[in-house]
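# Examination of the molecular architecture
Residues per chain are reported as follows:
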Amino acid sequence: MSFLSKYICGSVRAFGYVCLVIFIVTLLSFGYYAYFRYNTIPSTPVVINTWAFTDSTTKSWSILNSNGSAIDAVVAGCTVCEQNQCDGTVGYGGSPDENGETTLDALIIDGVTMNMGAVGHMKRIKDAAKVARHVMENTKHTLLVGDGATQFAIQMGFKETDLSTNYSLTLWNQWKTNCQPNFWNNVRPNPEKYCGPYKPNPSSKSKPTSNFVDMKNHDTIGIVAIDHNGNIAAGTSTNGAKFKIPGRVGDSPIPGSGAYAMNNIGAASATGDGDIMMRFLPSFHAVQAMKYGHNPKDAAQLAINTIVQYYPEFSGAIIVVDKYGHYGAACHGFDKFPYSIANSNFGKVMVLYAECTKL
């Protein structure tokens, strides 16, 4: 073959390689662009809340559609569930403690400023979420508890009232016959057989276990909202676990556990066995996982998996939303976990289900 022929063939071959490289780079670039576009197209405004509490979702969605703020939507949604006594686990008249008293916990988080307010073990005030907002907006504190939270609420203009109902008192009276189940451990007399009063039992060293949590004893409504301005807020409200030891505060009013929100990342809210979940700050964990590149569903599963490593029998769930309105959920210990959502794509309230992992 002549030199000229070799040169021409070599040039054609080199040109082909260059074209192939350009084609691959173009294809990869287009793929990245398409992926980026798909994953950043806003699906906002959006509101999502734990469980099939659709009245709350509807109220929050109506506020967002009226150009209301994310905080307004979260507080209003929680308030609806408090008034409706959702599943007996939110608001007055449910989950009496060992003394027969209903107490409330709530949390509101502003993802714009990272300001937040919460109340725990609040007595004789029905509007827990609204009081939590006052803590956020009218104090330099984050969490008020017990009688102090009640007195603060009265100062803010809330009415003091009995939170017990015939239903909650009936539950309590039935429970008192054998005090089962309860939250005591390593005490005497044996809490699995007898009522108290209890005293420490140094000879008993039982292994830590999860609590009795099911679809009707799940501890929380958690709400996340993103408004038309892209601002994010999250909140929770609950009357806590049934027959809890007086003074107990669960995960709901704990920032990073019951809920968490950051405007430049997203938000999350958790529900379930609060005494276990608050040891892992699952809402904070999920938001930080999104910060490092995980999508909402994977971030939710990571948060759940971390808890399962230590407490495989625990029951709980988490909803997660990124700043674009993409969402995901994960759960463990239930058959499936319902959550309610409305966004600009659906245009209405939908109930979706996450399949839960088990032992």
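In case you missed it, the structure is sitting above this.
A brief report on the enclosed structure follows. Model, not experiment: these values are computed from the prediction.

### Overview of the sheet that holds strand β1 (residues 46-50)
Taken together, eight strands build an open sheet; the order of strands is β4-β3-β2-β8-β7-β1-β13-β14 and the sheet is mixed. Two strands bound the open sheet, and with one partner strand each, they are β4 (143-145) and β14 (350-355). Neighbour-to-neighbour, the strand axes of the sheet open up by a mean angle of 15°, direction not taken into account. In this sheet, strand β8 (residues 232-238) lies alongside strand β2 (residues 103-110) in antiparallel orientation, the contact comprising six bridges.

### Considering helix α3 (residues 70-84)
The end-to-end C-alpha distance of α3 is 21 Å, a good match for the 21 Å that 15 residues give at a rise of 1.5 Å each. For α3, the tally of buried residues reaches twelve of 15 residues, placing the bulk of the element in the interior. Listed as buried for α3 are A70, I71, A73, V74, V75, A76, G77, C78, T79, V80, C81 and E82. Packing partners of the buried residues in α3 comprise α2 (54-65), β2, α4 (128-138), β7 (221-226) and β8. One or two positions beyond α3, positive phi appears at Q85, with a value near 55°.

### Side note on the sheet that holds strand β9 (residues 259-262)
The strand order across the open sheet formed by four strands is β9-β10-β11-β12, and the pairing between neighbours is antiparallel. Looking at strand neighbours, the two that pair on one side only are β9 and β12 (327-332), the edges of this open sheet. Neighbour to neighbour, the strand axes of the sheet diverge by 10° on average, direction disregarded. Bridge count for β9 against strand β10 (residues 266-272) is four bridges, and the pairing is antiparallel. Each bridged residue has a counterpart across the sheet, and for A261 the counterpart in β10 is A267. Packing against the sheet, helix α8 (residues 282-291) makes contact with β9, β10 and β11 (316-322), and its axis sits at approximately 150° to β10. Strands β11 and β12 of the sheet are contacted by helix α9 (residues 296-310), whose axis makes an angle of about 20° with β12.

### Brief notes about α8
Burial analysis of α8 places seven of its ten residues in the buried class, the great majority of the element. The complete set of buried residues in α8 reads P282, S283, A286, V287, Q288, A289 and M290. In this structure, the buried side of α8 is in contact with β9, β10, α7 (274-277), α9 and β11. G293 lies just past α8 and shows a positive phi near 105°.

### Observations regarding the state of the cysteines
In total, this model carries three disulfides according to the counting rule given. Here C179 pairs with C195 through a disulfide, and the sulfurs are 1.9 Å apart. Disulfide C179 to C195: torsion about the S-S bond roughly 105°, handedness right-handed. Separated by 16 residues along the polypeptide, C179 in the loop between α6 (166-175) and β5 (187-188) and C195 in the loop between β5 and β6 (199-200) bring together distant segments of the chain. By relative accessible area, which is 8% here, C179 ends up buried. Assessed through its relative accessible area of 26%, C195 is described here as partly exposed. Paired by a disulfide, C331 and C356 hold their sulfur atoms 2.1 Å apart. Here the disulfide of C331 and C356 is left-handed, its torsion about the S-S bond being about -100°. Separated by 25 residues along the polypeptide, C331 in strand β12 and C356 in the segment after β14 bring together distant segments of the chain. Both residues of the pair, C331 and C356, belong to the buried class.

About the cut-offs
- Residue numbers restart at each chain and count upward from 1, following the sequence in its written direction.
- Since the coordinates come from a predicted model, pLDDT governs what is reported: local features require at least 70, and pairs of side-chain atoms require 80 or more to be given and counted, while whole-chain, interface and lining totals use all residues.
- To obtain the side-chain values, all non-hydrogen atoms of the structure were used and water was disregarded.
- Two strands pair if DSSP finds at least two bridges between them.
- Here a helix means four or more residues in a row that DSSP labels H or I, a strand means two or more in a row labelled E, and each is numbered from the N terminus.
- For every element, the axis is a line fit to its C-alpha atoms; helices are fit only across the contacting stretch, and the angle between N-to-C directions ranges from 0 to 180 degrees.
- Multiplying one less than the number of residues by 1.5 Å gives the expected span of a helix.
- Partly exposed residues are those whose accessible area sits between 20% and 50% of the maximum for their type, while under 20% is buried and over 50% is exposed, using a 1.4 Å probe and protein chains only.
- Every residue pair with non-hydrogen atoms within 4.5 Å of one another is taken to be in contact.
- Pairs of cysteine sulfur atoms within 2.5 Å are identified as disulfides in what follows.

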